[in-house]
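Read off the chains here:
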Amino acid sequence: MTSIHLLIPAAGSGRRMGSDRNKVLLDLMGLPIIAWTLKAAAQSEAVVWMGLVGQAGDRAALEAIVNRLSLPQPVAFIEGGSTRQASVYNGLLGLPPGATRVLIHDGARCLATPDLFNRCAAALAKQSGLVAAIPVKDTIKLVDANLTVEATPDRQRLWAAQTPQGFDIGLLKQCHQQGLDQGWSVTDDAALFEQCGLPVQIVPGEETNLKVTTPMDLAIAEFILKQRLGQP
Ligand code: CTP
Ligand code: MG
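Please read all numbers here as calculations on a predicted model, not as lab measurements.

Asker: Kindly report on the nonpolar core, identifying the contributing residues and their values.
Answerer: Core analysis: the largest hydrophobic core is formed by 33 residues, its most contacted members being Leu6, Ile34, Leu38, Met50 and Leu52. When neighbours within four sequence positions are excluded, Leu52 is seen to be in contact with Ile8, Ala10, Ile34, Leu38, Leu62, Val66, Val75, Ala76, Phe77 and Ile78.

Quick look at the structure:
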């Protein structure tokens with residue numbers, strides 16, 4: 001199995017969650033959200049090292065969570081930036097020398113399974129850019145500033161991007177640098193790769209691999225976890 005370094009961006013504030021602290025620290029079935037993410041990633045045999053990207057103010061809380069889990073892989077703390085893009089860039093600079101392939105997985109996607117990490121790691125042995133994604137279920141409308149519909153893209157060709165996303169580290173660093181130079185603002189790393197003209201391959205994601213963004217997502221995550229754990 002390919003050896004993979006994993007970066008976990010967890011340096012947000014969780015504004016849309018409406019809570020008084022970073023959402024990844026909120027409780028989900030007795031553990032902080034980020035603990036579920038770390039546990040699932042650590043169960044993937046492909047992952048040899050993890051970089052947890054967080055704000056300085058959350059460092060103590062995040063490190064306490066990591067210590068309590070006593071995972072087999074080393075987990076390094078890396079200070080995040082003011083946007084996800086900046087946080088991932090810091091993460092890339094914090095990778096140990098010699099690392100060649102990286103998976104990037106949002107701390108807020110706490111239901112991703114070890115199998116998904118393994119499948120992404122395996123695919124990354126053959127591809128230099130990939131994104132976990134699932135087919136879109138809704139019909140999507142492209143609208144203008146006045147909310148007038150401009151177009152209805154063919155749903156057959158629409159996939160909802162998730163994380164993990166995986167890349168050749170040298171290439172992704174170059175794309176982040178170019179994004180900085182040109183002022184590109186993106187919400188995922190695959191977008192930087194695409195803007196640089198590099199190919200990004202889809203890896204089938206998981207319907208349950210939701211990003212905990214709003215309180216409703218947290219309720220759904222609890223429902224899914226209860227089912228997985230066989231709890232009423
Ligand atoms: N993230 C990060 N650094 C930032 C912003 C976000 O590492 N400056 C991380 C979040 O912690 C999260 C992931 O990127 O794990 C996806 O971002 P999102 O779901 O938008 O989380 P938040 O930015 O925390 O939430 P919100 O946008 O509602 O404030
Ligand atoms: Mg955000």
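Moving on from the coordinates now.
Asker: I'd like a rundown of the packing of aromatic side chains, residues and numbers included.
Answerer: Scanning all chains against the criterion turns up one aromatic pair. Here Phe167 and Phe193 contribute two aromatic rings whose centre-to-centre distance is 4.9 Å and whose plane-to-plane angle is 55°, an arrangement assigned as tilted. In this pair, Phe167 sits in strand S10 (residues 159-168) while Phe193 sits in helix H6 (residues 189-195), placing the two residues 26 residues apart along the sequence. When sorted by exposure, Phe167 lands in the same class as Phe193, which is buried.

Asker: Could you give an account of the site of ligand 1, naming the residues involved and the relevant values?
Answerer: Not every one of the 18 residues close to ligand 1 is listed here, only the nearest: Gly14, Arg15, Arg16, Ser87 and Lys211. Contact between ligand 1 and Ala10: an oxygen atom at 3.3 Å from a main-chain N or O atom of the residue. At a separation of 3.3 Å, an oxygen atom of ligand 1 approaches a polar backbone atom of Gly107. Protein coverage of the free-state accessible area of ligand 1, which is 560 Å², stands at 89%.

Asker: Tell me about the pairing of strand S7 (residues 129-135), and name the residues and values.
Answerer: Most of S7 sits out of view: six of its seven residues are buried. Summarising the sheet, S7 and S10 pair through six bridges and their orientation is antiparallel. Each bridged residue has a counterpart across the sheet, and for Ala133 the counterpart in S10 is Ala161.

Asker: Give a detailed account of helix H5 (residues 169-182), specifying residues and quantitative values.
Answerer: Spanning 14 residues, H5 covers 20 Å between terminal C-alpha atoms, matching the ideal 20 Å at 1.5 Å per step. Of the residues making up H5, those classed as buried are Ile169, Leu172, Cys175, His176 and Gly179. The arc enclosing the buried residues of H5, seen along the axis, measures out at 125°, which places them on a common side. For H5, exposure combined with an orientation more than 90 degrees from the buried face picks out Gln174, Asp181 and Gln182. Sitting at the head of H5, Asp168 places a side-chain oxygen 3.1 Å from the backbone nitrogen of Gly170. Positive phi shows up at Gly183, right after H5, with a value of about 75°.

Cut-offs used in this document
- Residues numbered from 1 in each chain as written.
- Chains lettered and ligands numbered in written order.
- Predicted model: local features only at pLDDT ≥ 70, side-chain atom pairs only at ≥ 80, totals over all residues.
- Heavy atoms only, no water.
- Core = buried A, V, L, I, M, F, W, Y, C linked by side-chain atoms within 4.5 Å.
- Buried < 20%, exposed > 50% of the residue type's maximum accessible area, 1.4 Å probe, protein only.
- Contact = heavy atoms within 4.5 Å.
- Phe/Tyr/Trp six-rings, centres within 6.5 Å; stacked < 30°, edge-to-face > 60°.
- Helix = DSSP H or I, 4+ residues; strand = E, 2+ residues; numbered from the N terminus.
- Near = heavy atom within 4 Å.
- Polar contact = N/O pair within 3.5 Å; in protein donor to acceptor, adjacent residues only side chain to side chain.
- Areas by Shrake-Rupley, 256 points an atom, 1.4 Å probe, with all protein chains shown as cover.
- Pairing = 2+ DSSP bridges.
- Expected span 1.5 Å × (residues − 1).
- Arc of directions from axis to C-beta.

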